[in-house]
Amino acid sequence: MRLGPKCKYCRRFGVKLGLNERCLSPKCALTRRRTRPGVHGRKPHPLSLYGKQLQEKQRLKYFYLANERQMKRYVEMAQKSKKSAPEALLEILERRLDNVIWRLGYTPHKTQARQLVSHGHFLVNGKRMKIPSYLVEPGDVIEIRPGSRDIKPFEDLSERIKNFNPPSWLEIDKNTFKAKVLRLPNYEEIQHNFDLPLVIDFYSRH
């Protein structure tokens, strides 16, 4: 998934997507300018049902850095689940390795997490993993590759995670930086503001 100027995505969808460090600071473009980007940003047009579905799908994609093929597969997996499709979809997305790396506090934002995974800086169960979309399972052990522990993104890691608490379904040893997936995430504990039925309906009509 290729990204352009990241702050524009937050303004376009009207929500902080956490795609860079600026998003978490007072310099956030959404905080400073809440209008949508472009000449007509001050005059948003009313959306049709399809337009709302498309916008919500795009918003979810950019938040989890998933491409179109991956999103379609996730929705198909969710529809086969014993749970409701919207709940299952969000739980699947939370299990992406790049999202888990961010949730554990290894990186300040998701785009850096995806980049570090793609470059092979993390091990999963002792094996080098370069797939950001890898879906973690209970019992998976995640750690920084020994040869990568001294690179710049991890220089201040001990300070950053000192007072950081990951979600209850994950745990991290703050001395060794070794993390473990305790269980799968539950929908009720995932804070979000997505209209997930709209996303499911979008893919159901294709």
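This one's a predicted model, so the numbers in the text were calculated from it and none came from an experiment. (Residues numbered from 1 in each chain as written. Predicted model: local features only at pLDDT ≥ 70, side-chain atom pairs only at ≥ 80, totals over all residues. Heavy atoms only, no water.)

1. Digging into the packing of helix α4 (residues 68–79) against helix α5 (residues 85–94)
The contact between α4 and α5 brings their axes to 8 Å, and the two run at 130°. Classified by the angle between their axes, α4 and α5 sit oblique to one another. The two elements α4 and α5 cross, and the hand of that crossing is right-handed. Side by side, α4 and α5 meet where Met-71, Tyr-74, Val-75, Met-77, Ala-78 and Gln-79 of the first sit next to Ala-85, Ala-88, Leu-89, Ile-92 and Leu-93 of the second. Class assignment of the residues belonging to the contact of α4 with α5 gives a composition of 10 nonpolar, 1 polar and no charged. (Axes fitted to C-alpha atoms, helices over the stretch in contact; angles between N-to-C directions. Helix = DSSP H or I, 4+ residues; strand = E, 2+ residues; numbered from the N terminus. Parallel < 35°, antiparallel > 145°, perpendicular 65-115°, else oblique. Left-handed = near helix turned anticlockwise from the far one by under 90°. Contact = heavy atoms within 4.5 Å. Nonpolar A, V, L, I, M, F, W, Y, C, P; charged D, E, K, R; others polar.)

2. Some words on unusual backbone geometry
Positioned with a positive phi, Asn-125 is a non-glycine residue whose angle comes to about 55°. Within the secondary structure, Asn-125 is located in the loop between β1 (122–124) and β2 (127–129). The phi dihedral of Phe-177 is positive, around 65°, even though this residue is not glycine. Position of Phe-177 relative to the elements: it lies in the loop between β4 (170–172) and β5 (179–181). Residue Phe-177 is classed as buried on the basis of its relative accessible area, which comes to 19%. (Buried < 20%, exposed > 50% of the residue type's maximum accessible area, 1.4 Å probe, protein only.)

3. Here's the deal with the pattern of salt bridges
Two side chains that carry opposite charge are able to pair once their charged atoms sit near each other. Scanning the model with the defined rule gives 11 salt bridges in all. A salt bridge links Asp-156 to Arg-160; the nearest nitrogen and oxygen atoms lie 3.0 Å apart. Salt bridges here are not isolated pairs; linked through shared partners, they connect Lys-57, Lys-61 and Glu-68. (Salt bridge = Lys/Arg side-chain N within 4 Å of Asp/Glu carboxyl O.)

4. Points about the sheet that holds strand β3 (residues 141–144)
Spatially, the 5 strands line up as an open sheet ordered β2-β1-β3-β5-β4, and their pairing is antiparallel. Single-partner strands in this sheet number two, and they are β2 and β4. Strand-to-strand twist of the sheet, defined as the mean angle between neighbouring strand axes without regard to direction, takes the value 30°. Pairing of β1 with β3, which is carried by 3 bridges, proceeds in the antiparallel orientation. Bridging across to β3, Val-124 finds its partner in Ile-142. (Pairing = 2+ DSSP bridges.)

5. Let's talk about the packing of aromatic side chains
By the definition in use, this model includes 7 aromatic pairs. Taking the centre distance of 5.7 Å and the plane angle of 85° together, the rings of Phe-122 and Phe-154 count as edge-to-face. Note that Phe-122 is positioned in strand β1 and Phe-154 in the loop between β3 and α8 (157–160), a separation of 32 residues in sequence. Measuring from ring centre to ring centre gives 5.2 Å for Phe-202 and Tyr-203, while their planes differ by 85°; the resulting arrangement is edge-to-face. (Phe/Tyr/Trp six-rings, centres within 6.5 Å; stacked < 30°, edge-to-face > 60°.)

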